[in-house]
Amino acid sequence: MREAIALLLPACAIGVVLYRSAGVMSARAAAASLALALCLGIGFSSVVSTALIFSGIAPASRAFVLIDVATWAIVAALSWWTTSAAKSREPKAKSPKPKAQSPEPEAQGRAPWLLSATFGVIAIVALASVVASSMAAPHGDWDAWAIWNQHARFLFRGGDGSWREFLSIAWSQPDYPLLLPASVARVWAYAGHESTLGPALIAMVFGIACVTLVVTTLDGQRRWIAGALMLGATTFLTQVPSQCADVPLACFIVATLAVTFGDGLRIPPPGSRIPGPGSRIPSPGSRIPSPGSRTPDPGSRTPDPGSRMTSPPCEKWCSVGIARCSKAAGRFPI
Amino acid sequence: MRRGADPVAALETEFRALSRALPLSGPVGFLRYDTDDDRADRVMTYYVAQYTLAPRVVEKRTDLEFVIVAPDAARAAGDARLVGFEPVATSKEGYRVYQRRTQ
């Protein structure tokens with residue numbers, strides 16, 4: 001399972017930033033951070049891999065893995081150090097506990113567990129379906145082996161510079177980006193051979209992260225419905241084991257929306273009293289109502305001068321703007 | 001991963017058997033099918049040849065040192081396109097590598 005180590009290493013390094021910055025996390029925020037760390041880990045590690053290959057370091061060589069491991073160890077150490085330094089500078093008396101950054105939505109309905117349990121069952125069936133599809137077609141869909149995994153083979157095998165030859169194969173779309181091929185070549189470098197498990201695992205990680213980000217970003221019971229609908233759609237279930245770039249691209253789009261509009265990944269600035277746009281529970285001491293709030297805040301008409309002092313105006317107006325967009329998006333059924 | 005009846009895996013086994021007879025990199029020829037060269041299964045055969053033999057570049061031409069020939073690509077009664085070549089490797093299913101004879 002060296003392939004899994006290859007994927008977890010950069011995710012852990014990036015996870016240090018996300019976890020240490022947020023401090024105390026709910027289970028929902030932790031799941032969102034993990035999914036985001038996996039996406040970003042694969043994305044950034046592909047950049048490192050591409051840089052190494054362009055520098056003439058072949059993925060099949062031991063030096064490639066050693067440099068990659070060292071890079072991510074340094075990233076993790078720097079992340080730890082910078083977040084520790086930031087925390088030590090934080091005024092302890094004024095810093096609020098980030099309890100409200102990712103509130104667990106209150107249970108609604110008669111059987112709140114029914115939807116989550118249904119989602120769980122669908123998720124297990126979907127995972128089994130993806131695994132079965134991956135075993136039936138270990139090289140993926142046509143585009144996967146004709147384009148993405150083929151480029152990965154050129155990168156992995158062409159350490160003497162012959163990887164550039166794929167640029168001359170017009171039918172293999174040589175202009176396509178190297179996010180996926182470089183990630184696959186990197187996983188093969190860790191595995192020591194061209195395992196079909198590598199690209200399949202990357203595809204599954206992106207698929208799982210995509211669903212996790214949706215489920216952890218939306219509020220209330222509708223998140224389980226949204227997740228179940230995603231997993232129930234045959235398009236999604238055929239795209240994940242196809243090993244093409246559609247699901248990774250979708251995952252990064254979902255991650256962007258989750259970070260922009262979602263509450264689970266929002267990290268409140270130290271001393272800020274403005275709650276997250278989608279927050280259902282106002283942060284302690286907040287006088288500014290949360291736009292998505294369902295329970296009216298008694299002090300909502302009186303803005304807190306302290307919040308103006310601690311938050312720059314542009315940040316406040318951005319926050320309000322995002323909150324209004326989020327509220328508008330919340331009017332739609334799902 | 002288990003290898004079942006996946007056509008890509010099956011073709012890959014064939015072309016992997018031929019790879020020992022080929023140079024490690026550079027262009028390698030691939031004989032066009034005499035008829036229906038753009039049929040889906042034949043396009044797939046050509047694409048899998050490229051997928052398997054990377055970082056070599058498999059090109060549909062015969063003016064190279066090595067040419068890969070699928071079992072049903074050459075004409076039955078001797079193919080003029082293979083004059084001057086001799087077979088140097090054969091796979092289980094009959095895929096062949098032809099090498100240009102030295103003058």
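Structural data are supplied above this passage.
Note that the coordinates shown come from a computational prediction; the quantities given were computed from them, not determined experimentally. (Residues numbered from 1 in each chain as written. Chains lettered and ligands numbered in written order. Predicted model: local features only at pLDDT ≥ 70, side-chain atom pairs only at ≥ 80, totals over all residues. Heavy atoms only, no water.)

Student: Can you break down the pairing of strand E5 (residues 96–100) of chain B residue by residue, with the values?
Tutor: Residue and element names in this part refer to chain B. As paired strands, strand E3 (residues 66–69) and E5 are joined by four bridges and run antiparallel to one another. Paired with Val 69 across the strands is Arg 96, a residue of E5. As paired elements, strand E4 (residues 85–90) and E5 share five bridges and run antiparallel to each other. Looking at E5, one finds that Pro 87 is bridged to Tyr 98. Counting the residues in the hairpin turn of E4 and E5 gives five residues, including Gly 94, whose phi is positive at 100 degrees. (Pairing = 2+ DSSP bridges. Helix = DSSP H or I, 4+ residues; strand = E, 2+ residues; numbered from the N terminus.)

Student: If you had to explain helix H3 (residues 62–89) of chain A to someone new, which residues and values would you point to?
Tutor: Across its 28 residues, H3(A) extends 41 Å between first and last C-alpha, which sits within 8% of the 40 Å expected from 1.5 Å per residue. For H3(A), every residue scored as buried is listed here: Phe64(A), Val65(A), Asp68(A), Trp72(A), Ser79(A) and Thr83(A). (Expected span 1.5 Å × (residues − 1). Buried < 20%, exposed > 50% of the residue type's maximum accessible area, 1.4 Å probe, protein only.)

Student: Can you explain the nonpolar core? Please cite residues and give values.
Tutor: Among the nonpolar cores identified, the biggest contains 101 residues, and Phe15(B) and Ile68(B) are the most heavily contacted of them. Sort the elements by how many residues they give to this core and helix H7 (residues 197–217) of chain A lands first, with twelve residues. In contact with Phe15(B), other than residues within four places in its own chain, are Phe30(B), Thr45(B), Val48(B), Ala49(B), Thr52(B), Leu53(B), Ile68(B) and Tyr95(B). (Core = buried A, V, L, I, M, F, W, Y, C linked by side-chain atoms within 4.5 Å. Contact = heavy atoms within 4.5 Å.)

Student: Can you tell me about the packing of helix H2 (residues 27–54) of chain A against helix H10 (residues 246–261) of chain A, naming the residues and giving the values?
Tutor: Residues and elements named next belong to chain A. The interhelical angle for the contact between H2 and H10, taken along N-to-C directions, is 130 degrees, at an axis separation of 11 Å. With respect to H10, the axis of H2 lies oblique. The handedness of the crossing between H2 and H10 comes out as left-handed. For the pair formed by H2 and H10, the contact residues are Leu 36, Cys 39, Leu 40 and Gly 43 on the first element and Cys 251, Phe 252, Ala 255 and Val 259 on the second. Along the lines of polarity and charge, the residues of the contact of H2 with H10 split into seven nonpolar, one polar and no charged. (Axes fitted to C-alpha atoms, helices over the stretch in contact; angles between N-to-C directions. Parallel < 35°, antiparallel > 145°, perpendicular 65-115°, else oblique. Left-handed = near helix turned anticlockwise from the far one by under 90°. Nonpolar A, V, L, I, M, F, W, Y, C, P; charged D, E, K, R; others polar.)

Student: Could you give an account of the interface of chain A and chain B, naming the residues involved and the relevant values?
Tutor: Facing 24 residues of chain A, the contacting portion of chain B comprises 23 residues. Counting each side, the surface lost to burial between chain A and chain B is near 2100 Å², with a carbon and sulfur contribution of 65%. The tally of links between chain A and chain B comes to one salt bridge. Among the ionic pairs, Arg153(A) bridges to Glu12(B), the shortest N-O distance being 2.4 Å. Where chain A meets chain B, there are seven residue pairs in polar contact (both at pLDDT 80 or more). Secondary-structure elements contributing two or more residues to the side of chain A that touches chain B are helix H4 (112–136), helix H5 (142–157) and H7 of chain A. The greatest single-element share of the side of chain A that touches chain B, amounting to eight residues, is contributed by H5(A). (Buried area = accessible area lost by both parts, 1.4 Å probe. Salt bridge = Lys/Arg side-chain N within 4 Å of Asp/Glu carboxyl O. Polar contact = N/O pair within 3.5 Å; in protein donor to acceptor, adjacent residues only side chain to side chain.)

Student: Please give an account of a nonpolar patch on the surface that cites residues and values.
Tutor: All names here are of chain A. Residues Leu 249, Ile 253, Leu 257 and Phe 261 make up a contiguous nonpolar surface patch of roughly 370 Å² in combined accessible area. Here Ile 253 lies in helix H10. Looking at Ile 253, the relative accessible area reads 46%, which means it is partly exposed. (Patch = residues over 30% accessible without salt bridge, like charges linked within 9 Å, V, L, I, M, F, W, Y side chains within 5 Å. Areas by Shrake-Rupley, 256 points an atom, 1.4 Å probe, with all protein chains shown as cover.)

Student: Tell me about the packing of H7(A) against H10(A), and please be specific about residues and values.
Tutor: All names here are of chain A. Remark: H7 packs on H10, axes separated minimally by 9 Å, with the N-to-C direction vectors making an angle of 25 degrees. Comparing their axes, H10 and H7 come out roughly parallel. Where H7 crosses over H10, the handedness of that crossing is left-handed. On the side of H7, the interface is formed by Phe 206, Gly 207, Ala 209, Cys 210, Leu 213, Val 214 and Thr 217, while H10 contributes Val 247, Pro 248, Ala 250, Cys 251, Phe 252, Val 254, Ala 255 and Ala 258. Class assignment for the residues of the contact of H7 with H10 results in 13 nonpolar, two polar and no charged.

Student: Please set out the pattern of salt bridges residue by residue, giving values where relevant.
Tutor: For the structure shown, the criterion picks out 15 salt bridges over all chains. Among the salt bridges present, the one from Arg28(A) reaches Asp219(A), with a minimum N-O distance of 2.8 Å. Placement of the pair is Arg28(A) in helix H2 and Asp219(A) in the loop between H7 and helix H8 (222–232), with a sequence separation of 191 residues. Residue Arg28(A) shares its accessibility class with Asp219(A), and that shared class is buried. Its salt-bridge partner being Glu12(B), residue Arg16(B) comes within 3.0 Å of it at the nearest N-O pair. Note that Arg16(B) and Glu12(B) are positioned in helix H1 (residues 7–18) at a spacing of four residues, about one turn of the helix.

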